[in-house]
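# Fold and contact review
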Amino acid sequence: MKGMKFLKCFGMALLVAALGTVSCAKKGDDKIKIGVSMPTQSLQRWNQDGSNMKAQLETAGYQVNLQFAGDNDIPTQVNQIENMITGGVKILVIAAIDGSALTEVLKQAKEKSIPVIAYDRLLMNSDAVSYYASFDNFKVGVLQGSYIESKLNLKTAEGPFNIELVTGAPDDNNVNFFFGGAMSVLKPYIDSGKLKALSGQTSQAQAATPNWSTEEAQKRFENIITSVKYGPNGVKLDAVLCSNDSTANGVTNALVNAGYTKDNFPILTGQDCDRPSVKNMNAGTQAMSVFKDTRTLASKVVEMVNALAKGEEPPVNDTSTYNNGAGVIPSFLCDPIVVEPKDIQAALIDSGYYKLADIQ
Ligand code: BGC
């Protein structure tokens, strides 16, 4: 018994070394505090990420300070993180709005030896970042590009086909990987002329959508439809690469307003399997979404937190891809999968991610 107690306290002593002063007791206020900072509550996935993280960390015995930064408000996120640091968190988990906007506040974390885990989006230009947990973001893009390649039969069909490109927020490092992954498949076809973007907007900057906003994506796409004269009875649009569901929803609105129906809808990609997109897949408009099970990501981050709390090395499976400007950040990348209408039941309902009523 005595030995057990010694071991427990020895374990905690390691933790003390890594994380500062904590007590052996784990009740109430003595629980180790973890700060979880999420970018926005206006998009379904971040609400799920936040609540999954909180639930899983609390089950593991931590006290959780979970904050959402308004609607993608950078000063709010900075303030919330500052308050977490002064409030005594021992580990920070941060999904940034703008990956480069937290450099100053992260210095405070480093001064207090608080390990920082970048959640889903890499935190840039800071040597305070200890680990990164995300999905394989390049693969997300490859899955989207390959889906279009296969549905249009690009390897063998003669073409040409018309495509437009829509990606996300320029300040989200993930966009480089989503767009880069998709273009690794599609660019050769654009270069050879088999795929044409008649808007002429093929660069990542031209395809960007500030804040991943549905409204911004819709506005841009309405302009493209008008200027190129795309339409069910106009110029044929074969595919739209959308990097995620919030932008795909904006494009869907623009296409539906222009008269497109499920019978002539262009092949439209997405990511996240957000409820509106799953409904659109069931309705036959959006063709696919890349599913990133946020429960898996949350449990991986909880494993990282547990390891750090014990003074151990967290699990990583990539030590070369993600350089944040201050160095390569050891990462754990979860695996994204394609969901088409035929996969909804198995991937989203049977797995318990959604109830049927959520997506009807
Ligand atoms: C996430 C996507 C999400 C997008 C918009 C990205 O960083 O990886 O899952 O759709 O942000 O919130």
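Residues numbered from 1 in each chain as written. Predicted model: local features only at pLDDT ≥ 70, side-chain atom pairs only at ≥ 80, totals over all residues. Heavy atoms only, no water.

This part takes up the domain arrangement of the protein. Splitting the protein by domain gives domain 1 (2-129 + 293-335) and domain 2 (137-292). The gap between the C-alpha centroids of domain 1 and domain 2 is 34 Å. Summed over both sides, the interface between domain 1 and domain 2 buries roughly 1500 Å², with carbon and sulfur atoms accounting for 40% of that surface. Its salt-bridge partner being Lys-292, residue Asp-120 comes within 3.9 Å of it at the nearest N-O pair. Applying the counting criterion to the domain 1 and domain 2 interface returns seven residue pairs in polar contact (both at pLDDT 80 or more). At three residues, helix H2 (residues 44-59) tops the list of elements feeding residues into the side of domain 1 that touches domain 2. Per-class residue counts for the side of domain 1 that touches domain 2 are five nonpolar, six polar and six charged. (Domains from an automatic or database assignment. Buried area = accessible area lost by both parts, 1.4 Å probe. Salt bridge = Lys/Arg side-chain N within 4 Å of Asp/Glu carboxyl O. Polar contact = N/O pair within 3.5 Å; in protein donor to acceptor, adjacent residues only side chain to side chain. Helix = DSSP H or I, 4+ residues; strand = E, 2+ residues; numbered from the N terminus. Nonpolar A, V, L, I, M, F, W, Y, C, P; charged D, E, K, R; others polar.)

Let us now look at the environment of Glu-104. Inspection of the secondary structure assignment puts Glu-104 in helix H4 (residues 103-111). Residue classification places Glu-104 among the exposed residues on the basis of a relative accessible area of 54%. Along the backbone, Glu-104 and Ser-126 are 22 residues apart, and their C-alpha atoms lie at a distance of 8.5 Å. (Buried < 20%, exposed > 50% of the residue type's maximum accessible area, 1.4 Å probe, protein only.)

What follows concerns the state of the cysteines. Among covalent bonds in proteins, the disulfide is the one between the sulfur atoms of two cysteines. Under the criterion given, the structure shown has zero disulfides. Free of any disulfide, Cys-273 has its nearest cysteine sulfur in Cys-242, 14 Å distant. Residue Cys-334 stays outside any disulfide, its sulfur separated by 15 Å from that of Cys-273, the closest cysteine. Residue class for Cys-334 comes out buried when judged on its relative accessible area of 5%. (Disulfide = S-S within 2.5 Å.)

A word on the environment of Val-142. Relative to the elements of secondary structure, Val-142 occurs in helix H5 (residues 137-151). With a relative accessible area of 24%, Val-142 lands in the partly exposed category. Along the primary structure Val-142 and Gly-180 are separated by 38 residues, whereas in three dimensions their C-alpha atoms are 8.2 Å apart.

Turning our eyes to something else, we now look at the packing of H5 against helix H6 (residues 174-192). Axis separation between H5 and H6 bottoms out at 7 Å; the angle between their running directions is 30°. When the axis of H5 is compared with that of H6, the two are roughly parallel. Considering only the axes of H5 and H6, their crossing is right-handed. Taking contact as the criterion, the partners of Asn-137, Phe-138, Val-140, Gly-141, Val-142, Gly-145, Ser-146, Ile-148 and Glu-149 in H5 are, on H6, Asn-174, Phe-177, Phe-178, Gly-180, Gly-181, Ala-182, Ser-184, Val-185, Leu-186 and Tyr-189. (Axes fitted to C-alpha atoms, helices over the stretch in contact; angles between N-to-C directions. Parallel < 35°, antiparallel > 145°, perpendicular 65-115°, else oblique. Left-handed = near helix turned anticlockwise from the far one by under 90°. Contact = heavy atoms within 4.5 Å.)

Before going further, it helps to spend a moment on the pattern of salt bridges. Evaluated as defined, the whole model comprises 17 salt bridges. Here Lys-54 and Glu-58 are joined by a salt bridge, their closest N and O atoms 2.7 Å apart. Of the two residues, Lys-54 and Glu-58 are both situated in helix H2; the distance of four residues between them amounts to about one turn of the helix. The class of Lys-54 is partly exposed, set by a relative accessible area of 29%. Put simply, Asp-127 and Lys-110 hold a salt bridge, and the shortest N to O gap is 3.2 Å. Placement of Asp-127 in the loop between strand S4 (116-119) and strand S5 (129-135) and of Lys-110 in helix H4 is noted, with a sequence separation of 17 residues between them. For Asp-127, a relative accessible area of 53% corresponds to the exposed category. We classify Lys-110 as partly exposed; its relative accessible area is 42%. Among the charged side chains, a network of salt bridges with common partners joins Arg-45, Asp-49, Asp-120 and Lys-292.

Turning our eyes to something else, we now look at the layout of surface pockets. To find leftover empty space, a probe the size of one water molecule is rolled over the atoms. The calculated volume of the largest pocket comes to roughly 310 Å³. Lining the largest pocket are 25 residues, with Leu-43, Trp-46, Arg-121, Asn-211 and Trp-212 sitting closest to its centre. For the lining of the largest pocket, the domains that each give at least three residues are domain 1 (2-129 + 293-335) and domain 2 (137-292). (1 Å grid on protein atoms, 1.4 Å probe; cavity = no way out; pocket = protein on both sides within 12 Å on 5 of 7 lines; lining within 4 Å. Points joined across faces, edges and corners; volume = space filled by probe spheres on them.)

This paragraph deals with the packing of aromatic side chains. One pair of aromatic rings is described through two measures. These are the centre distance and the angle between the planes. Applying the stated criterion across every chain yields a total of six aromatic pairs. Judged by centre distance (4.6 Å) and plane angle (40°), the rings of Phe-177 and Tyr-322 are tilted. Of this pair, Phe-177 sits in helix H6 while Tyr-322 is found in the loop between helix H11 (294-309) and strand S11 (331-334), placing the two residues 145 residues apart along the sequence. Tyr-322 matches Phe-177 in its accessibility class, with the two residues each being buried. Put simply, the rings of Tyr-132, Phe-177 and Tyr-322 touch in pairs and so form one group of aromatic residues. Directly above the ring of Trp-46 sits Arg-45, whose terminal nitrogen or CZ lies 4.2 Å from the centroid. Here the basic side chain of Lys-300 rests over the ring of Phe-332, its NZ or CZ set 4.1 Å away from the ring centre. (Phe/Tyr/Trp six-rings, centres within 6.5 Å; stacked < 30°, edge-to-face > 60°. Lys NZ or Arg CZ within 6 Å of the ring centre and 35° of its normal.)

Taken in spatial order, the four strands line up as S7-S6-S8-S9 in an open sheet, and their pairing is parallel. In this open sheet, the two strands that pair with only one neighbour each are strand S7 (195-196) and strand S9 (267-268). Inspection of the sheet shows strand S8 (residues 239-242) paired to S9 by two bridges, in the parallel sense. Pairing of Ala-239 across the sheet is with Ile-267, part of S9. Its contacts with the sheet place H5 against strand S6 (161-166), S8 and S9, and it is angled at close to 170° to S8. Packed on one face of the sheet, helix H9 (residues 245-257) meets S6, S8 and S9 and runs near 150° to S8. (Pairing = 2+ DSSP bridges.)

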